[in-house]
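Survey of secondary and tertiary structure
Each chain, letter by letter, is given below.
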Amino acid sequence: MRRDPWPLALASATAAVSCGLLALAIAYGWLGPDVGRGANFCEAPRDWMIRQPANTFSNLGFVVTGLLIAGHASRRTGNPAQPTGAESARNSAMPKSLATVMACVVVLLGPASAAMHATQSSLGGHLDQLSMALIAAFATGYAVMRWRRSGPRLFARVFAAGVAFCVLVGRWPTDVPMVRHPGNLAFGLLLTIVAGLEMAIIRRGDVRARTSFVYGSLAAMVSAFAIWNAATTWLCDPRSLLQGHAAWHVLCAVAAYLLYRYYASERPWASERPWASERP
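Quick look at the structure, then.

Quick notes on the rules
Residues numbered from 1 in each chain as written. Predicted model: local features only at pLDDT ≥ 70, side-chain atom pairs only at ≥ 80, totals over all residues. Heavy atoms only, no water. Helix = DSSP H or I, 4+ residues; strand = E, 2+ residues; numbered from the N terminus. Buried < 20%, exposed > 50% of the residue type's maximum accessible area, 1.4 Å probe, protein only. Polar contact = N/O pair within 3.5 Å; in protein donor to acceptor, adjacent residues only side chain to side chain. Contact = heavy atoms within 4.5 Å. Disulfide = S-S within 2.5 Å. Salt bridge = Lys/Arg side-chain N within 4 Å of Asp/Glu carboxyl O. Axes fitted to C-alpha atoms, helices over the stretch in contact; angles between N-to-C directions. Left-handed = near helix turned anticlockwise from the far one by under 90°. Core = buried A, V, L, I, M, F, W, Y, C linked by side-chain atoms within 4.5 Å. Phe/Tyr/Trp six-rings, centres within 6.5 Å; stacked < 30°, edge-to-face > 60°.

Our next topic: the side chain of E43. Mapped onto the elements of the fold, E43 is located in the loop between α1 (6-28) and α2 (53-57). We classify E43 as buried; its relative accessible area is 1%. A distance of 3.0 Å separates a polar atom in the side chain of E43 from the backbone nitrogen of A54. Engagement of the side chain of E43 in a polar contact is seen with the backbone nitrogen of N55, the distance being 3.0 Å. Those residues within four positions of E43 in sequence are excluded, and the remaining contacts are Q52, P53, A54, N55, P238, L241 and Q243.

This next bit is on the state of the cysteines. Throughout the structure, instances matching the rule amount to 1 disulfide. Linked covalently through their sulfurs, C42 and C236 form a disulfide whose S-S length is 2.1 Å. The S-S bond linking C42 to C236 shows a torsion near 100°; that makes this disulfide right-handed. Here the residue C42 occupies a position in the loop between α1 and α2, and C236 occupies one in the loop between α9 (211-230) and α10 (244-265), the gap between them amounting to 194 residues. In this structure C42 comes out as buried when scored by relative accessible area, which is 10%. Using a relative accessible area of 28% as the deciding quantity, one classes C236 as partly exposed.

Another aspect to go through is the pattern of salt bridges. Taken as a whole, this structure holds 7 salt bridges when the rule is applied. In this structure, R46 and E43 form a salt bridge, with 3.5 Å as the shortest nitrogen-oxygen distance. Residue class for R46 comes out buried when judged on its relative accessible area of 6%. Among the ionic pairs, D47 bridges to R51, the shortest N-O distance being 3.9 Å. Shared partners join several salt bridges into a network, and the residues in it are D34, D47 and R51.

Another aspect to go through is the packing of helix α6 (residues 122-147) against helix α7 (residues 152-170). Their axes nearest at 8 Å, the elements α6 and α7 cross at an angle of 145°. The element α6 and its partner α7 pack so that their crossing is right-handed. Of the residues in α7, those touching α6 at L130, A133, L134, A137, F138, T140, G141, Y142, V144 and M145 are P152, L154, F155, V158, F159, G162, V163, C166 and V167.

Counting residues in each nonpolar core, the largest one holds 48 residues, and the members touching the most others are M94, L98, M102, Y142, W248, Y260 and Y263. Contributions of two or more residues to this core are made by α3 (60-75), α5 (96-119), α6, α7, α8 (182-204), α9 and α10. Considering every element that reaches this core, the biggest residue donor is α10, with 11 residues. Setting aside anything within four residues of it in sequence, one finds Y142 in contact with A93, M94, P95, L98, F155, Y263 and E266. The next biggest cluster of nonpolar side chains, apart from the first, holds 8 residues, and it includes L22, A25, L31 and I50.

One pass over the full model with this rule turns up 9 aromatic pairs. When the centroid spacing of 5.9 Å and the interplanar angle of 20° are considered together, the rings of Y28 and W30 count as stacked. Under the relative-accessibility criterion, W30 is labelled exposed at 52%. Ring centres of F225 and W228 lie 5.9 Å apart, and the angle between their planes is 15°; this geometry places the pair in the stacked category. Note that F225 and W228 are positioned in helix α9 at a spacing of 3 residues, about one turn of the helix. What makes F225 partly exposed here is its relative accessible area of 32%. Under the relative-accessibility criterion, W228 is labelled buried at 5%.

Everything listed is a geometric property; what it means functionally is a separate question.
Set out below in structure tokens:
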């Protein structure tokens, strides 16, 4: 059995290209003028090229996390007889193809969110919202696929619908209590659906998995959301480099990694199946 270099190679290429393009976009003003997008996340804008340094550079956590996911996926070894398609989706850990997609999506969260905080531009804000839609739609699609005991085609349909839902709701021209932007509301709704489906999958008992990972991911997200709200009110210190919103980024990155490790730990209860020995 050999390690597969492709997950890490593709995630590394995604990181290099996206971060490089972001650096060029900031340097040459490709994202447009500062319109104050993201200014409500406490950190006062600096008279620097990077408008919100703490909220910008904390997004490196997503890049690192995506590379860790890809590295783990590359190290996972499998049996040549391991099934593919819907059968694999029903009975084994996350397929490497989907693990690679997840790694690349998590990597993209970093430069996309940094685009908003670094420039406070309108286009940067749209990139931030799109990256949130991608990861929420991915988690929703993978949960629905496993709940329905289906395969990648259902995942792709739910994923596309989830992204479209977030984009359309994000265009709603109003402020939403607690979450402010309607795109944030769509993101939260999808993650709530994911949490419910994952708990239902655990209760159904089709597979065994390290549930401590999914509970840890949920705890990290709840903590991140609490800090996200507190950072705009009593926890706000605009001139400090210790920003609550930066902690939100880090905790969300932790939640994404733990969620992946939960996916990777799933195994069928029928241990006589030849692919059940794949290392989590």
